[in-house]
Amino acid sequence: MTSFTFRNARLEDLDGVLSVQAVVFPAFQEGRATFSERLQLYPDGFFVVEEDSLIKGYLVSYPFQRLNPPPLDTLIGSVSPDSDAYYVHDLSLLPEMRGRGAAVAMVEAMTSVARRANFATMGLIAVGGADIFWRRFGFAPVFAEALEPRLRAYGAEAVYMERPL
């Protein structure tokens, strides 16, 4: 068995990213345009895990305004110069990649990018019970009434979480 490689994503990786998303998040599909835009707007925050020439995981992250994550499958147009936090848009790994260190590598890389950009906070929306996973990396739930309409689109179990840097 070959070990995986971890690197910044390229546009030609998007078919693989969409394939991983279809397996990992079947209820929360986002289109190619959303991923393409995020890659073009903030390439430093878009990573892939590759094994045997196949994309087997990805992480999308970028600056945003705290407590104001973008709606699901929505183009954002630009990364705001007023961004005051770093957003974890999506971390997805195929089941065969879990427990092999790929998630740790992605979270460490994303955290380094956020720190280099001088952000004090990272935020995310955990779905389907993933809040347990994110707690291992220091994220904790944040409750804010303004987030409730946005969270509903992600299902009843959606939790907004943050981690100080």
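A brief look at the structure comes next. Fair warning: this is a prediction, and the values are worked out from it, not measured in the lab. (Residues numbered from 1 in each chain as written. Predicted model: local features only at pLDDT ≥ 70, side-chain atom pairs only at ≥ 80, totals over all residues. Heavy atoms only, no water.)

A word on the pairing of strand S5 (residues 121–126)
In summary, the side chains of a regular strand alternate between the two faces of the sheet.
Item 1. Burial runs high along S5: 6 of the 6 residues are buried.
Item 2. Across the two faces of S5 the burial is the same, with Thr121, Gly123 and Ile125 and Met122, Leu124 and Ala126 all buried.
Item 3. Relative to S5, strand S4 (residues 85–93) is paired through 3 bridges, and the arrangement is parallel. When the sheet's bridge partners are listed, Val88 is paired in S5 with Leu124. (Buried < 20%, exposed > 50% of the residue type's maximum accessible area, 1.4 Å probe, protein only. Helix = DSSP H or I, 4+ residues; strand = E, 2+ residues; numbered from the N terminus. Pairing = 2+ DSSP bridges.)

A short note on the side chain of Ser92
Item 1. Tracing the sequence through the fold places Ser92 in strand S4.
Item 2. Here Asp90 takes part through its side chain, which lies 3.2 Å from a polar atom of the side chain of Ser92.
Item 3. If near-sequence neighbours (up to four positions away) are discounted, Ser92 is found in contact with Val20, Val24, Phe25, Lys56, Gly57, Tyr58 and Met106. (Polar contact = N/O pair within 3.5 Å; in protein donor to acceptor, adjacent residues only side chain to side chain. Contact = heavy atoms within 4.5 Å.)

Some remarks on the packing of aromatic side chains
Item 1. In the structure shown here, the tally under the stated rule is 12 aromatic pairs.
Item 2. Aromatic side chains Phe6 and Phe47 sit 5.2 Å apart centroid to centroid with 20° between the ring planes, which places their arrangement in the stacked category. Taken together, the positions of Phe6 in strand S1 (residues 5–8) and Phe47 in strand S2 (residues 46–51) put the pair 41 residues apart, joining distant regions of the chain.
Item 3. For the pair Trp134 and Phe139, a centre-to-centre distance of 5.2 Å together with 75° between the ring planes defines the contact as edge-to-face.
Item 4. Put simply, the rings of Phe133, Trp134, Phe137 and Phe139 touch in pairs and so form one group of aromatic residues. (Phe/Tyr/Trp six-rings, centres within 6.5 Å; stacked < 30°, edge-to-face > 60°.)

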